[in-house]
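Chain by chain, the residues:
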Amino acid sequence: KLAYAVSAIRTSDAAEVAVNMLETGKLSADELDEIVTSIALAGSADQLGRSVRAILKADEGRLSLTRMKPLLDRTSRDRTVPSGVGSALLRIAERAEAAKESGQIDVLSRLAGAWQVTELEPVLVRVIGSADPSVRQRIIGSLGSFDTPSARQELDRLSRDANAEV
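Residues numbered from 1 in each chain as written. Predicted model: local features only at pLDDT ≥ 70, side-chain atom pairs only at ≥ 80, totals over all residues. Heavy atoms only, no water.

Quick question: what am I supposed to make of the overall build of the chain here?
Of the regular secondary structure elements, the chain holds 10 helices and zero strands. Written out in order from the N terminus, the α and β elements of the chain read α-α-α-α-α-α-α-α-α-α. For 166 residues, the compact-globule estimate of 2.2 N^0.38 gives 15 Å, and the C-alpha radius of gyration of the chain, at 17 Å, lies within 12% of that figure. The principal-axis extent of the C-alpha atoms belonging to the chain is close to 55 × 30 × 20 Å. Burial statistics for the chain: of 166 residues in total, 44% are counted as buried. Nonlocal contacts in the chain, meaning residues at least 24 apart in sequence, comprise 66% of its contacts between residues at least 6 apart. A total accessible area of about 8,600 Å² is found for the chain, and carbon and sulfur atoms account for 51% of it. (Helix = DSSP H or I, 4+ residues; strand = E, 2+ residues; numbered from the N terminus. Rg over C-alpha atoms; globule rule 2.2 N^0.38 Å. Buried < 20%, exposed > 50% of the residue type's maximum accessible area, 1.4 Å probe, protein only. Contact = heavy atoms within 4.5 Å. Areas by Shrake-Rupley, 256 points an atom, 1.4 Å probe, with all protein chains shown as cover.)

So, in structure tokens, the structure goes:
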């Protein structure tokens with residue numbers, strides 16, 4: 001019911017109530033998905049960032065593209081980017097790199113590019129050579145969107161590498 005109300009009202013104040021509920025960590029998976037969708041419709045950048053951190057806590061550091069999709073859709077729609085998520089995503093990226101979890105790297109590369117999480121650049125550069133081809137393409141897209149000197153340097157290196165599959 002709360003998710004429906006927040007979606008109908010679509011104000012930052014309503015989203016704040018939903019974010020507070022999300023941060024309690026006492027929601028079922030279905031409730032969590034509904035609340036995230038409603039926050040994505042109405043929340044501020046800070047509220048979206050708090051939601052991402054709460055999702056990561058609830059999901060014990062596992063990223064799900066399905067769960068993050070409403071937040072990505074919001075960014076696509078009006079360029080609102082969750083604030084303050086870099087360090088939380090970096091911790092997950094480092095774990096995913098160590099465990100060679102291609103699925104997690106894929107989701108991280110999508111989030112990094114869409115939300116300009118440049119903190120993930122070093123991890124993405126380290127895993128690009130061992131990533132699956134489809135994940136490698138997303139990493140390249142994310143690095144290109146960062147438009148930092150180091151990302152440009154890595155993309156230039158890849159474009160000159162005869163053995164690179166880009």
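What exactly am I supposed to notice about the side chain of Ser142 here?
Within the secondary structure layout, Ser142 lies in helix H9 (residues 133-146). Polar side-chain contacts of Ser142 include one of 2.4 Å to the backbone oxygen of Ser109. Among all residues touching Ser142, those that are not within four sequence positions of it are Ser109, Arg110, Ala112, Gly113 and Leu124. (Polar contact = N/O pair within 3.5 Å; in protein donor to acceptor, adjacent residues only side chain to side chain.)

I'm lost on the pattern of salt bridges in this one. Help?
Pairing is possible between side chains of opposite charge, provided their charged atoms come close. What the rule picks out here adds up to 12 salt bridges. Taken together, the salt bridges that share partners define one network made up of Glu16, Glu23, Asp46 and Arg50. (Salt bridge = Lys/Arg side-chain N within 4 Å of Asp/Glu carboxyl O.)

Would you mind showing me how to read helix H4 (residues 45-58) here?
For the α-helix, the turn length of 3.6 residues means that residues three or four positions removed from each other point alike. For H4, with 14 residues, the first-to-last C-alpha span of 20 Å sits near the 20 Å given by 1.5 Å per residue. Restricting attention to buried positions, one finds in H4 the residues Gln47, Leu48, Gly49, Arg50, Ser51, Val52, Ala54, Ile55 and Leu56. Looking at the packing, one finds that the buried side of H4 touches helix H2 (12-24), helix H3 (29-42), helix H5 (65-78), helix H6 (86-99) and helix H7 (102-115). Positive phi appears at Glu60, one or two residues downstream of H4, with a value of about 50°. (Expected span 1.5 Å × (residues − 1).)

I tried to follow the nonpolar core on my own but got confused; where do I start?
Soluble, globular proteins show a tendency: their nonpolar side chains are buried together. Residues Leu63, Met68, Leu71, Leu89, Leu108, Trp115 and Ile139 are the most contacted members of the largest nonpolar core, which totals 49 residues. Each residue touching Met68, except ones within four places of it in the same chain, is listed here: Val52, Ile55, Leu56, Leu63, Leu111 and Trp115. (Core = buried A, V, L, I, M, F, W, Y, C linked by side-chain atoms within 4.5 Å.)

Teacher, can you tell me more about unusual backbone geometry here?
Trans is the prevailing form of peptide bonds, just as negative phi is the prevailing case for residues other than glycine. Backbone geometry places Lys100, a non-glycine residue, at a positive phi of 55°. For Lys100, the position within the fold is in the loop between H6 and H7. Backbone geometry at Gln116 places phi at a positive 55°, although glycine is not the residue there.

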